[in-house]
Amino acid sequence: MLKKATIFIAMSLFAFSAQAVDVPISGTVQSRCVITTDTPGTYGNPNAYTLTTSASDGGVEPIVRYDVTLADAYYAQITTPTSFSTSPSLGDTVTWTGSTSVSSVSDATGMANYDTNKTTFGQTTQYDLTATGSTWFKSTSIATYGGNKAFPGGNYAANVEAVCVAQ
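These numbers come from a predicted model, not from an experiment.

Quick notes on the rules
- Residues numbered from 1 in each chain as written.
- Predicted model: local features only at pLDDT ≥ 70, side-chain atom pairs only at ≥ 80, totals over all residues.
- Heavy atoms only, no water.
- Helix = DSSP H or I, 4+ residues; strand = E, 2+ residues; numbered from the N terminus.
- Buried < 20%, exposed > 50% of the residue type's maximum accessible area, 1.4 Å probe, protein only.
- Areas by Shrake-Rupley, 256 points an atom, 1.4 Å probe, with all protein chains shown as cover.
- Pairing = 2+ DSSP bridges.
- Axes fitted to C-alpha atoms, helices over the stretch in contact; angles between N-to-C directions.
- Salt bridge = Lys/Arg side-chain N within 4 Å of Asp/Glu carboxyl O.
- Phe/Tyr/Trp six-rings, centres within 6.5 Å; stacked < 30°, edge-to-face > 60°.
- Contact = heavy atoms within 4.5 Å.
- Core = buried A, V, L, I, M, F, W, Y, C linked by side-chain atoms within 4.5 Å.

On to the overall build of the chain, then. When helices and strands are tallied, the chain shows 1 helix and 10 strands. Taken from the N to the C terminus, the helices and strands of the chain come in the order α-β-β-β-β-β-β-β-β-β-β. Within the span of the chain, comprising 167 residues, buried residues form 26% of the whole. Only carbon and sulfur atoms are counted for the fraction: they give 54% of the accessible area of the chain, which is about 10,500 Å².

This is the structure:
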């Protein structure tokens, strides 16, 4: 019995004298989805109360390119503007509308259903990037001022937000 008690006490002492160390592990993940501005947008001003990116109204639709090297791993989320990033002081409400669609693809077969299968919520359009390659998305943006009031003179700018979201 004395032997068992001695062994128990010795083991208890060793257990309390043990040390623990956390060893860090780190790494960097490079996204396999790259977003590039292909064409910056420009607002046309077809009448006093409308700014639009429509080419028929003197605007230029912004185009963004997504390059994906890993299929079925990302969503493209593109949000058209809901406010100006730069504008003169506006005393009335601006109503925003916009949409996004596929402009061009590098893989006509693998990316053929992107527009058909897109999901839209609010001003955001989401695409499931199911194929590798490049896809160009164009966005329209229309800003209408205060129930057909004239926009004040000045510089106006807004941003389309393009994001890769990992699935």
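Moving on, we get to the sheet that holds strand β10 (residues 161-166). One open sheet accounts for 4 strands, arranged β7-β8-β5-β10; its pairing is antiparallel. If you trace the sheet from one side to the other, it starts and ends with β7 (119-121) and β10, each paired once. Geometrically, the sheet is characterised by an average inter-axis angle of 20° between neighbouring strands, direction not taken into account. Relative to strand β8 (residues 124-129), β7 runs antiparallel, the two sharing 3 bridges. Residue T119 lies in a different strand from β8, and its bridge partner there is Q126.

Before going further, it helps to examine the pattern of salt bridges. This model, assessed by the stated rule, comprises 3 salt bridges. Between D67 and R65 there is a salt bridge whose closest N-O contact spans 2.9 Å. Relative accessible area serves as the criterion here: at 18%, D67 is assigned to the buried category. The salt bridge partner of D92 is K149, with a shortest N-O separation of 2.8 Å. Residue D92 is located in the loop between β5 (74-79) and β6 (94-105), and its partner K149 is located in the loop between β9 (133-145) and β10; the two are separated by 57 residues in the primary sequence.

Tallied over the entire structure, the rule returns 8 aromatic pairs. Taking 5.0 Å as the distance between ring centres and 25° as the angle between the ring planes, the aromatic pair formed by Y145 and F151 counts as stacked. Where F151 meets Y156, the ring centres are 5.3 Å apart and the plane angle is 75°; that geometry is what we call edge-to-face. The structure contains a cluster of three or more aromatic residues connected by ring pairs, namely Y43, F84, W96, Y145, F151 and Y156.

Attention now goes to unusual backbone geometry. Apart from glycine, the bulk of residues carry a negative phi angle, and the bulk of peptide bonds sit in the trans form. Unusually for a residue other than glycine, D72 sits at a positive phi of about 60°. Here D72 shows up in the loop between β4 (63-68) and β5.

Right, let's talk about the pairing of β4 for a bit. Most of β4 sits inside the fold, with 5 of its 6 residues counted as buried. Summarising the sheet, strand β1 (residues 33-39) and β4 pair through 6 bridges and their orientation is antiparallel. Bridge pairing in β4 places T39 opposite I63. Pairing of β4 with β9 involves 6 bridges; the strand directions are antiparallel. Among the inter-strand pairings, R65 is bridged to a residue of β9, identified as W136.

Attention now moves to the side chain of S141. Locating S141 in the fold gives a position in strand β9. For S141, a relative accessible area of 4% gives the class buried. When residues no more than four places from it in sequence are discounted, the contact partners of S141 are Y43, L51, T52, T53, P81, W96, T97 and G98.

Looking now at the nonpolar core. Counting residues in hydrophobic clusters, the biggest one holds 15 residues, and the most contacted among them are Y66, Y114, Y127, L129 and F137. Contributing elements (two or more residues each) for this core: β4, β5 and β8. Other than its neighbours up to four places away in sequence, Y127 contacts Y74, Y75, A76, T100, S101, V102, Y114, D115, K118 and F137. Counting 8 residues, the second largest nonpolar core, distinct from the first, contains L51, V94, Y145 and Y156.

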